[in-house]
Amino acid sequence: MTVETRVDDQPRVLYAPPELLADRSTTYCPGCGHGVVHRLVAEVLGELGLGPRTIAVAPVGCSVFAYDFLELDFVEAPHGRAPAVATGIRRVMPDAFVLTYQGDGDLAAIGTGEIVHAAARGEAITAVFVNNGIYGMTGGQMAPTTLVGQRTTSCPNGRDPAFAGAPIPMTEMLAVLPGVAYAARGSVVDASSIGRTKQYLKKACQVQLDRAGFAIVEVLSNCPIGWGMTPVESIEHLRDAVAPVYPPGVIVDRTAPARGG
Amino acid sequence: MTAVAERPADAPFARRTRVLRKGNEAIAEAAIRAGCDAYFGYPITPQAELLEWMARRMPQEGRAFVQAESELGAINMGLGAAACGKRVLVSSSSPGMSLMAEAMSYMAGSEVPIVVVNVMRGGPGLGSIGPGQGDYWQATRGHGHGDYRLPVLAPSSIGEAMDLVAASFEIAERYRTPVILLADGILGQAMEPVEETYRTPPRLAADWALTGADGRPPRVVKSLHLKPEALEQHNRHLRAKEAAIRDAEVRWAGERLDDADLAIVAYGTAARVARTAIARARESGMRVGLFRPITLWPFPDAELRHLATQVRGFLVLEMSAGQMLDDVRLALEGARPIAFHGRTGGMVPMPGEVVAALHRLENRTGGPAR
Ligand SMILES: Cc1ncc(C[n+]2csc(CCOP(=O)(O)OP(=O)(O)O)c2C)c(N)n1
Ligand code: SF4
């Protein structure tokens, strides 16, 4: 839907769906953050004019269906392997814009090896990492990012760090690698954090265009179904319980000129 | 079939270049000359020289080389590059091939052409670094999960391996399928004089490849079909493709079969041992020939079955506990007695053992032919 207001009979577009977002209802659950992140990706790629150059890699997880909603060339990677698949694309398609989109089970559990090494090599790839703290697609099991005490179908009494370890701050871990030019964490909590997340994504795309290195944006997202909450409760939980464990903000920016002196 | 092109009588002698080359390196160079755009690998014996050759040569040619973090990384890099319509080679040896199984299945399902070399070693597990043929089942039964098969080409000399590299790319691209080039530790490690004859298969239009959706609708390379009807339909399409491959791509070689009343069935290095054993057996008056499958899938079953109208018995010789044996049994459908001789663990059968096995087979089939 395009909403128009008329001032002096001149139509002014305040809100229009991004061209790269397919005109199709998503298959995500009501209130799921994946839809918001898809839209941000579509907006940013559209604004930078990157759609026709983009080759995107879909993960295994709820967002495997990204190719149904984003009007981009896509390849489907095996579970966790998107950064390796993207590396292969990067090395043979010098003019392509290469984008990966992964969940936290995909990136922070089964795919740790691939993400660490793509980052370490400083591959000119932009990685979108949607952290909803749970395995959404398989029915809400514990992920490496699940909060301590959080109940899931595979830790019914809550995550106990004595047995299951503590949540992995993947993006902070990746940020220590010199190959990572830019790492930031946004969220879908409210309009202003969504706006900031969009700026992080835009920067992460620019980093690739400048061939400055690997860029990753983690987006704290919700999984109302997996968390057993209403969409509104899940957003409150994201703000009050998740964000304090995974503080949003720019984690590293090696493209920034050195300060001081 | 042989890889060594005959020199035309009038060709100047200087153009004929023979070099002494290690199998792994010969395969690597043949891939480069076949137009390989990208190589991805991970060190493993007895395949490491292939990776090392590529590390040196691919950058010289301005092409892509990555030493991956694992075979998972290597094969998935291969998947990404091949999904862009590029000519891609990945290589490994047995344990590494096991790690690649998932991606092989994805590429079969999403119809991504790629050539994967397995320089087989002794197994199971970490096994040994000696030569083996224990991955026959893995290779010929599709390699990964799901219902599909992949073309598998098995050279038995370094020259033939070079020729089959180009053929593998051709088959991969013609049918949009992964192809496995199945060698073993001896073929990988040995040095042989080879003719420097290379072939670059022509490129086919890849109207499915990912290049960015510029002025055309987006393309998706995927294997997920959640609706059972859709997946069954897709699988029927894969079956039809496999039928076309069976019809057109069977390769095998026969040696000394004209007067044979016994035949050894062997591929790869085992076929070389068989050749020596056949020469010895013939010295003692036995009439033995060699049936050597070059495509292990599709298996030359009609051709083998036809041979059963002539020979009285078959000896299957493998560097495994008996894997191709299954396909020989399926092809012959009980038409003739089948004996088996195999060594495992990195052991190579000795010609003397093979001759003894031939004698036992001869006794089973009614004594020496008169
Ligand atoms: C090799 C393999 N193991 C397990 C699975 C099952 N599986 C599918 S999606 C998924 C987890 C996805 O979780 P996440 O990455 O957090 O994404 P979400 O669905 O929450 O968006 C798993 C384990 C699989 N498809 N492949
Ligand atoms: S299961 Fe969770 S992540 Fe998946 S679509 Fe539903 S809400 Fe979104």
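Residues numbered from 1 in each chain as written. Chains lettered and ligands numbered in written order. Predicted model: local features only at pLDDT ≥ 70, side-chain atom pairs only at ≥ 80, totals over all residues. Heavy atoms only, no water.

Attention now goes to the pairing of strand β4 (residues 88-92) of chain B. Look at any regular strand and the pattern is simple: side chains alternate between the two faces of the sheet. Residue and element names in this part refer to chain B. With 5 of 5 residues buried, β4 is to be regarded as a mostly interior element. The alternating pattern of β4 places V88, V90 and S92 and L89 and S91 on opposite faces, both of which are buried. Judged from the 4 bridges that link them, strand β2 (residues 38-41) and β4 form a sheet pairing that is parallel. By the bridge assignment for β4, A38 is matched with V88. (Buried < 20%, exposed > 50% of the residue type's maximum accessible area, 1.4 Å probe, protein only. Helix = DSSP H or I, 4+ residues; strand = E, 2+ residues; numbered from the N terminus. Pairing = 2+ DSSP bridges.)

The strand order β11(A)-β9(A)-β10(A)-β6(A)-β5(A)-β3(A)-β4(A)-β9(B) describes an open sheet built from 8 strands, whose pairing is mixed. Strands at the two margins of the open sheet, each flanked by one partner only, are β11 (249-253) of chain A together with β9 (220-221) of chain B. Here strand β4 (residues 73-76) of chain A pairs with β9 of chain B via 2 bridges, running parallel. Bridge pairing in β9 of chain B places V75 of chain A opposite V221 of chain B. In the packing of helix α8 (residues 191-209) of chain A onto the sheet, contacts are made with β5 (97-103), β6 (126-131), β9 (180-187), β10 (214-220) and β11 of chain A, and the angle to β9 of chain A comes to roughly 165°. (Contact = heavy atoms within 4.5 Å. Axes fitted to C-alpha atoms, helices over the stretch in contact; angles between N-to-C directions.)

With that settled, the discussion passes to the interface of chain A and chain B. How big an interface is tends to be stated in terms of the accessible area lost upon association of its parts. Each side of the interface is counted separately: chain A has 31 residues, and chain B has 36 residues. The junction of chain A with chain B conceals about 2,500 Å² of combined surface from both sides, 66% of it contributed by carbon and sulfur atoms. Among the residues of chain A in contact with chain B, D73, E76 and V92 of chain A are the three that bury the most area, contributing 23% of the side total. In this structure, the connection of chain A to chain B is made through 2 salt bridges. Linking R121 of chain A and E69 of chain B is a salt bridge whose minimum nitrogen-to-oxygen distance equals 2.9 Å. Linking chain A with chain B are 11 residue pairs in polar contact (both at pLDDT 80 or more), by the criterion used here. Counting residues per element, the ones that place at least two in the side of chain A that touches chain B are β3 (54-58), β4, α3 (82-92) and α5 (112-120) of chain A. It is α3 of chain A that contributes the most residues to the side of chain A that touches chain B, 7 residues altogether. A class-by-class count of the residues in the side of chain A that touches chain B yields 16 nonpolar, 7 polar and 8 charged. (Buried area = accessible area lost by both parts, 1.4 Å probe. Salt bridge = Lys/Arg side-chain N within 4 Å of Asp/Glu carboxyl O. Polar contact = N/O pair within 3.5 Å; in protein donor to acceptor, adjacent residues only side chain to side chain. Nonpolar A, V, L, I, M, F, W, Y, C, P; charged D, E, K, R; others polar.)

With that settled, consider unusual backbone geometry. Residues and elements named next belong to chain B. For the peptide bond that leads from T45 to P46, omega is 5°, which places it in the cis range. Across the junction of W297 and P298, the peptide omega takes the value -5°, indicating a cis bond. Checked against the element boundaries, P298 lands in the loop between β13 (295-297) and α11 (301-307). Although it is not a glycine, H143 sits at a positive phi angle of roughly 85°. In this structure, H143 sits in the loop between α6 (136-140) and β6 (152-153). In this structure, R256 takes a positive phi of about 55° despite not being glycine. Counting through the fold element by element, R256 comes out in the loop between β10 (252-255) and β11 (262-265). A residue is classified by how much of its surface remains accessible, and R256, at 47% relative accessible area, is partly exposed.

Evaluated as defined, the whole model comprises 5 aromatic pairs over all chains. On the numbers, 6.1 Å between centres and 70° between planes, the contact of Y67 of chain A with F74 of chain A is edge-to-face. Neither Y67 of chain A nor F74 of chain A differs from the other in exposure class; each is buried. A cation over a ring is seen here: R56 of chain B above W53 of chain B, with NZ or CZ 4.9 Å from the ring centre. (Phe/Tyr/Trp six-rings, centres within 6.5 Å; stacked < 30°, edge-to-face > 60°. Lys NZ or Arg CZ within 6 Å of the ring centre and 35° of its normal.)

A word on the pattern of salt bridges. All names here are of chain A. Scanning the model with the defined rule gives 36 salt bridges over all chains in all. The salt bridge partner of E218 is R185, with a shortest N-O separation of 3.1 Å. Pair noted here: E218 is in strand β10 and R185 is in strand β9, with a separation of 33 residues, a long-range link. With a relative accessible area of 1%, E218 lands in the buried category. For R185, a relative accessible area of 0% translates into the label buried.

What follows concerns helix α5 (residues 101-109) of chain B. Within α5 of chain B, 8 of the 9 residues are buried, leaving the element largely enclosed by the surrounding structure. Among all positions of α5 of chain B, only A101, A103, M104, S105, Y106, M107, A108 and G109 of chain B are buried. Residues of α5 of chain B that are buried in the fold lie against β4 of chain A together with α3 (71-83), α4 (94-99), β5 (114-120), β7 (178-184) and α9 (228-248) of chain B. Downstream of α5 of chain B by a residue or two, E111 of chain B has a phi angle that is positive, lying close to 55°.

Attention shifts here to the pairing of β5 of chain B. Residues and elements named next belong to chain B. In terms of burial, β5 is a largely internal element, 7 of the 7 residues being buried. On β5, burial covers both faces: I114, V116, N118 and M120 on one face and V115, V117 and V119 on the other are all buried. Pairing of β4 with β5 involves 4 bridges; the strand directions are parallel. The residue bridging L89 from the neighbouring strand is V115, located in β5. For β5 and β7, the ladder comprises 7 bridges, and the chain directions are parallel. Its bridge partner lying in β7, V115 is registered against V179.

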